[in-house]
Structure formats: C-alpha cells, structure tokens
Amino acid sequence: MNPSSGVPDMPDVTDTGTIIGTLAPQQQHQPSDTNSLHLMSHTSTQPNMTSDPMEYANEEVPTVPIDGEEALRNIELLRSDDLSSRISAAHKLTTIAAALGPERTREELLPFLSDGVDDEDEVLVAIAGSLGKLIPYVVGGGGSTSTSTCSCLLGPLELLLAVEENVVREKAAESAIAVGNALPEKEYRSEFVGMIGRLARKEWFTARISGCGLIPIAFGRMGKELQQTHLQYFANLCKDDAPMVRRIASRNLGPLLYTVVETLGAPSLQESGPVSAVLLDLYELLAGGDQPDSVRLHTTENCVCFGNAMTLLRQQLENDKGMGGMENEEIIRTRTDVLVKRVLPLIVATIDDRSWRVRWTAASKFALVVKAFSPLTGTMDALVPAYEKLLQDPEAEVRTSATLNLSEVAKTGAMVFPAEGSGGDDIMEGSDDDNQRIPVADRLVQRVMALTEDDSENVRAALAMVATELAPMLGKDTTITHLLPPMLLLLRDSTSEVRLNIISSLSLLNDVIGVELLSQSLLPALLDLAEDGKWRIRMAVIERIPLLAKQLGKEFFNDKLLSLCVGWLGDDIASIRDAAAKNLKELTALLGSEWAVQNLLPRVREVMKHPSYLRRVNAVQAVMLMASAMDVNTAQLEALPILLEMACDPVANVRFNVAKGLGLVGPSFNQFVYNSQIRPIMSLLKDDADRDVRYFAGLANDSLVAVFEK
C-alpha cells in the first residue's frame, strides 16, 4: 500500500518482459473515491506547433481519481491472449500510468511497452496513440532516473516509428510530435531531433520513411548545425535505393522547402543557400523521368509549396518596408526570378508526362498552381499554355480534372498573350508588346467550344458546372459572342447530367446577359429533364425550380413551368411526388400567397379528383405545406376549406393525411376558426372506422388541444 495515496501497490510490469503479480486480497478493496494523483503539467516552448490530439498536454492537468482495481485489470489485459482485450487495455494506458505514478511508469511500463512492439498491428496502433497521452503522467516523481521532461516516451515511439504497418507509424508520429512539442529546446534538439536523425539512417526502410515525414516538422526548432545535417539526411533519403522511401521523401519535399524559407527567410534563396544549393536540386532529381510514377506525381504539389514560399517572402518584404530590409529585398527580387525559371519547367514537364496519373495530378491541382504562382511576374505566360494542353489531353479523366479548374484559372485575372502569340521561353524573357495582352478569361473562353464537343460526357458535365462562372469576368458582349453559343449547345446535350449541370449554373449567365437570350433554349432542355427516365434527374430538376423561378421571373414561370410543377404530383415515384409537394411550398413562399391562390390551388384541386388515392394523398400534402407558407388569412379562406373537404374521402390514407395536415396548420388559426371549423372535423376523424385514421387524428387533436384548450 502506498501510504501517501492509499492506492494498492501495483505489480512489477517489467519482470521477464511480461506483466506479472497480483495484489494481495486485503489490498484489492480500497476505496477509490478518496485516492487521487496530482499530476504536473509541462508547457510547450512552441505552442504554435501543438498537435491537436495532445492539446491538453500543455494545460494544467486536473486531479485524476485512481481506481486501483481498474488499473490492475488493465495490466492483466495487456498480457492477455485475447486480441480485443489487449487493444482495450492499450487504449487505457493513462489509467495504468496514473496508478503506477511517474517513476514506475518510466521505469516499468515504458520498458514493457518497448518489449511488445512485435504485437498485432491493432494493439500497436492503440499503444502508439496512447503514448502521446502519457505526457503528463511521466513528469515528476523521485528516484535517480527522475526527469523533468517526457523524453522517455520517445524510446517506445522510436520503435513504433520503424514498424512495417503504415497506420502504426502515422499514430506514432502524431504522438512523437506531441512529445517533441512538450520538450524544452535543449532536450528537443538532443532527444527528439536525435531520434529523427537515427530514423533517417536506419537500415530498415520503414524507419527512414518515418524520418522523411518528421524532418520538415522539426526543422524550425533545430539549431543551424542540426539544420544543415538534417538537410543532408533528407537529401540522402531523396536518393534512397528504396522507391517507397523516395516516394515519401517526394511527398515531404515541398513542405520542407516551405519550412526552410519560413525559418531562414531571404538568405535561404542565396546561391549558396539551402533552397538553391540543395532543395531545388532535389526537385529536379525527383521530377526526373527515371523516377517511378509514384515519386513524380508529387512534383505539382511540391511546386505549389515553392510558389507559396516565394509569395510568403514577398508579403513579408511588403510588411517590413521601411524597417531596414533593403538587403533582403535585393535578394528576393533577384533570386526569385532565377529560381522560378528552374521550377516552372518542372510544372510544364508534368503536363507532358508519360503517366496519365502524373498528368491527372497536375490537372486536379492546377487551381492551386495558378493561385501560388500568379503573384510572381511572368509565370502565367508559361502556365496558361500548359493548362491548355491539359484541356486537350488524350485521357478523359485528365481533361475532366482540368476542366473543373477552368474558372479558378480565369479568376487570377492575369494578363496573357492571345493563343497565337504564346511562345514559351521567349515569352518568359519578357516582351515589348505588352499592350497586346488580354485577360486570361478571354483566352480560355476560346477553348470552351471545343470542350462542348468532347467525346466524354464527364468532360462536358464538368464544363457545364463551371463555364458560366466565366461570364462576370468576360462582360456582356464577350459572353454573348463566345460563351453563350457553347452554353446553348450544352442545354441540348444528349446526356441528361450535362443539361442538368448547365441549368443549375445558369444564374451567373442570367445576371450578365438576361433571361431573354436563354429562354428559347432553356425551356426545351427543362422539359426533357422533367421527363427523364432517371428519377434522380427529375428530383434534381425539382430542387432547382425555385431558383429558376427567382431568376426567370413570374411571367416566364407561369407561361412555361407552372403546369410542370403541379404535374410532378402525379409522378410514378413516391419520392418525386413528395419533393413536388415541398416544391409548391417553396414557390408559395417565394412568389407569394396571392400568386399561389391564383395559379397553384386550382390545379391542385384538379389532382384531388384523380381516381388514384396516391395522387389525392399528395395533393392533400401539397395543400398542407402551401398553407404553412401562406399568410394566416389566405390560408384560412383558401387552403383550409380544401383540407376539410378531403376529410370525407373514401380512402383512409387520405383521411389520416388530412388529420396530420390539420394538426400542422391548425395552431396558426384563431380560436373561432378552431371551434367552428377544425374541431368538428377532428371529432369526426377521431371516431373514424379505420384505426390508423383514429390514431393520427388523436395525435393531431392532442396538439391542437394543447394550444386552444389549455
């Protein structure tokens, strides 16, 4: 028994590599509500790097009640033969550590966990995640091995960072980062950075993979000497014999460059600096044609990181103006252009890569590329022709991804040469004919017509989603001349998804040129979609009707689309009929109660005469929903009588829907209307011969009584 806490003594957890021993019977029934362990917290020296799962590691740790029996059970479960038991215990390492205390956790529990790294992957994932939560539980305690920090957790984590299963390594990396963030500078560099260096040089490739991911994260807190050393380690990993290591190194190369620039600033761009002398050489190495596809496909993302880093430096330069930054300004202005000329060819090379996966990655990330590079002088003259190549790629998947980025590229607002004058290297060197430049949107719109004739319906569907976003950038005249004709072609496309996408995105086009030019082609497309064989297409059209009504106006809607909206109440699919009823409610709210009374209610009354009870049920639901969107007086005079009339329908399903409708709209009326019109009908429905009608009438009546008969 621990006399200071009243907690049962914990068994030795290191004997023969297994947890052994049990508590004596007299020690196993101590009250746990009075036993608590006061834990100390350790504040991170770099809060901005705190990992989310470990946020509490930097906060004051509350007093934790210790349940000795629970801790013992978890200790026993750690050595259980049952996999699920070991997983459960591994998730509760904090319970064990709280009971053992900091000293025994460091000296017994952590060595035991280190011995168990050959366990099943599911157990190791749980242990890796739990180790990061032990930070407050290993700090403090007495003994010769006592330490004020949590660096002892890095021992088992280093072993887990070298296991074969990727998920285990990822969890271990999260915990290791949290532990590193909690270390003071001296131990951070000696213990955490030292561990990364060992991982980067280990013989087994999985450890080197972990090193690839940790070097960019730790670089900012390394000293100058360690930074140079670990940059060299990373360079070696980029040249590793194992393709798996080079793939992860390629994935982390861009983040490392950004961190280097962010940490070292403008001097990193100098000719002898790490960006010029080391990292861009690695860019060119990993983008080379002799690398596997899995390595090359990270080239685009790495180049985005480079563009973001250069933009960051220019922003810092703007913020530091007038503060003695002339030397840095000269470095940034002279070196950025030189470095950009090394990186842009790498982006362009991905466009012509032999692997469609590499080209697809470039196409899908091109919006990020232009966002990162558009602030840099002259870059769009090289990027726009490259993007146009992606729009003409042999693979439909590549063209689709490129098309989805069409509006984002145009939104940069860059001024580029017309397609006939794009030249390549001579353009990058600058031109005296800058007055010939046009907005990038004006150049890209010329590609739209070709895309409307693409063989792939996926490409055309993607174009229909984004092409209308060009209209505000083009202006009315250019939109009518170059954008409207292909949009009208898409409205008559043979694929329903294409027509649906263009109808869904017409608002921007309508705002620029007006509805008159669209209406002649819009109506046939809408009618085709309204009768499409795929019910999901019809559903999507219904959902867009209120938006079209708002854009097109009452007059056009009444002439062309009104009968269509009511007609959906007779669709063969129940979901379509329900959506049509909700659609009428939205139209009532949008266009007004008076419009609904004049245009919708007469048509819905006709549906109520249909011989099919299903149609009559949907008509009742439509009236109920429309009444909820009307003003009270209109609902009382126009909608309520229709509901009351249907209470005498011969089919029970119709009658109980009337009961539900009265329960919904009834509370909005006054006491007189309730007593004179609603209450008699509810009494009739409560005594109905059908039990379902009686049930729903009872529910509705209860809600009405609660309002009117308190």
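Residues numbered from 1 in each chain as written. Predicted model: local features only at pLDDT ≥ 70, side-chain atom pairs only at ≥ 80, totals over all residues. Heavy atoms only, no water.

### Observations regarding the overall build of the protein chain
Definition in use: Strands here mean DSSP runs of E at least two residues long; helices mean DSSP runs of H or I at least four residues long; both are numbered from the N terminus. Only protein chains enter the calculation, and the probe is 1.4 Å; a residue is then buried if its accessible area is under 20% of its type maximum, exposed if over 50%, and partly exposed in between. Two residues qualify as a contact provided that any one of their heavy atoms is within 4.5 Å of a heavy atom in the partner residue. Only the protein chains shown count as cover for residues, with accessible areas throughout obtained via the Shrake-Rupley method and a probe of 1.4 Å.
The helix and strand tally for the protein chain stands at 40 helices and 4 strands. Among the 710 residues that make up the protein chain, the fraction classed as buried is 53%. In the protein chain, the share of contacts with a sequence separation of at least 24, taken over all contacts with a separation of at least 6, comes to 70%. Roughly 31,300 Å² of accessible area belongs to the protein chain as shown, and the carbon and sulfur atoms make up 50% of that amount.

### Considering the packing of aromatic side chains
Heads up, the rule is: Here a pair means two rings of Phe, Tyr or Trp (six-membered ring of Trp) with centres within 6.5 Å. Their orientation is stacked below 30 degrees between planes, edge-to-face above 60, and tilted elsewhere.
Scanning the model with the defined rule gives 7 aromatic pairs in all. Look at Y674 and F708: their rings are 4.5 Å apart centre to centre, the planes differ by 10°, and that puts the pair in the stacked class. Placement of Y674 in helix α39 (residues 671-686) and of F708 in helix α40 (residues 691-708) is noted, with a sequence separation of 34 residues between them. Through a chain of ring-to-ring contacts, the aromatic side chains of F656, Y695 and F696 assemble into a single cluster.

### Points about helix α9 (residues 205-218)
Because an α-helix completes one turn every 3.6 residues, residues spaced three or four positions apart along the sequence face the same direction. Here is the rule we go by: Helices are assigned an expected span. That span is 1.5 Å times one less than the residue count.
With 14 residues, α9 ought to run about 20 Å at 1.5 Å a step, and its terminal C-alpha atoms sit 20 Å apart, in line with that. In terms of residue burial, α9 counts as a mostly covered element, since 12 of its 14 residues are buried. Among all positions of α9, only F205, T206, A207, R208, I209, S210, G211, C212, L214, I215, P216 and A218 are buried. Packed against the buried residues of α9 are α7 (166-181), α8 (185-201), α10 (224-238) and α11 (243-264).

### Brief notes about the nonpolar core
So the rule is basically this: Put simply, buried Ala, Val, Leu, Ile, Met, Phe, Trp, Tyr and Cys residues joined by side-chain atoms within 4.5 Å make one nonpolar core.
F306, F373, L483, F557 and W568 are the most contacted members of the largest nonpolar core, which has 226 residues in total. Sequence-distant contacts of L483, that is, excluding residues within four places in its chain, are made with V445, V448, A467, T468, L470, A471, L474, T478 and L509.

### Considerations on the environment of E395
Mapping E395 onto the fold places it in the loop between α18 (380-391) and α19 (396-404). Of the residues examined, E395 reaches a relative accessible area of 31% and is grouped as partly exposed. Each C-alpha atom of the pair E395 and R357 lies 9.9 Å from the other, and the pair is 38 residues apart in sequence. The contact partners of E395, leaving out residues within four places of it in the chain, are W356 and R359.

### Remarks on the packing of helix α3 (residues 93-100) against helix α4 (residues 102-115)
Heads up, the rule is: All axes here are fitted lines through C-alpha atoms, helices being fitted over the stretch that makes contact, and every angle between N-to-C directions spans 0 to 180 degrees. By definition, turning the near helix anticlockwise from the far helix through less than a right angle yields a left-handed crossing, and turning it clockwise yields a right-handed one. Under the scheme applied, nonpolar residues are Ala, Val, Leu, Ile, Met, Phe, Trp, Tyr, Cys and Pro; charged residues are Asp, Glu, Lys and Arg; polar residues are all the others, including Gly.
Between α3 and α4, the shortest axis-to-axis distance is 9 Å and the interhelical angle comes to 145°. In this structure, α3 meets α4 at a crossing whose hand is right-handed. From α3, L93, I96, A97 and L100 reach across to α4, where they touch R104, T105, L109 and L113. Considering only residue class, the contact of α3 with α4 consists of 6 nonpolar, 1 polar and 1 charged.

### Description of the pattern of salt bridges
Worth spelling out the cut-off: Salt bridge, as applied in this entry: a Lys or Arg side-chain nitrogen positioned within 4 Å of an Asp or Glu carboxyl oxygen.
Counted according to the given criterion, the structure contains 28 salt bridges. E388 is the partner of R447 in a salt bridge, and the nearest nitrogen-oxygen pair spans 3.5 Å. Residue R447 is found in the loop between α22 (440-444) and α23 (448-452), and its partner E388 is found in helix α18; the two are separated by 59 residues along the sequence. Where R616 meets D649, a salt bridge forms, and the shortest distance between an N and an O atom there is 2.8 Å. Of this pair, R616 sits in helix α36 (residues 613-629) while D649 sits in the loop between α37 (632-645) and α38 (652-665); the two residues are 33 residues apart in sequence, bridging distant segments of the chain. On the accessibility criterion, D649 (8% relative accessible area) is buried. A network of salt bridges, in which partner residues are shared, links E158, R198 and K202.

### Quick word on a negative patch on the surface
Under the convention used in this document: Think of a patch as exposed residues, more than 30% relative accessible area, with no salt bridge, where like charges cluster within 9 Å and nonpolar side chains (Val, Leu, Ile, Met, Phe, Trp, Tyr) cluster within 5 Å. For the purpose of charge, His is not counted, nor are the chain termini; Lys and Arg are scored as positive and Asp and Glu as negative. In this description, the location of a charge corresponds to atom NZ of lysine, CZ of arginine, CG of aspartate or CD of glutamate.
A grouping of E120, D121, E122 and E164 is seen on the molecular surface, where their side chains present a negatively charged patch. For E122, a relative accessible area of 44% corresponds to the partly exposed category.

### Section: the confidence of the model for the protein chain
Definition in use: Confidence of the prediction at every residue is given by pLDDT, a number between 0 and 100.
For the protein chain, the mean per-residue pLDDT works out to 81, and 85% of the residues sit at or above 70. This stretch, residues 1-64, has a pLDDT under 50; its non-local contacts, to residues over four places away or in other chains, come to 126 contacts. Residue range residues 142-147 is modelled with pLDDT below 50. Its contacts to residues more than four positions away, or to other chains, number 10 contacts.

### Focus: the environment of A700
Mapped onto the elements, A700 comes out in helix α40. If we skip the residues at most four places from it in the chain, A700 touches A659, G663 and M682.

### Details of the side chain of N657
The condition that has to hold: Residues adjacent in sequence count toward polar contacts only when both atoms are side-chain atoms; beyond that, a polar contact is any pair of N or O atoms within 3.5 Å, and within protein one must be able to donate a hydrogen and the other to accept it.
Along the chain, N657 falls in helix α38. A polar contact of 2.7 Å, which involves the side chain of N657, links it to the backbone oxygen of N653. In contact with N657, other than residues within four places in its own chain, are V617, V620 and Q621.

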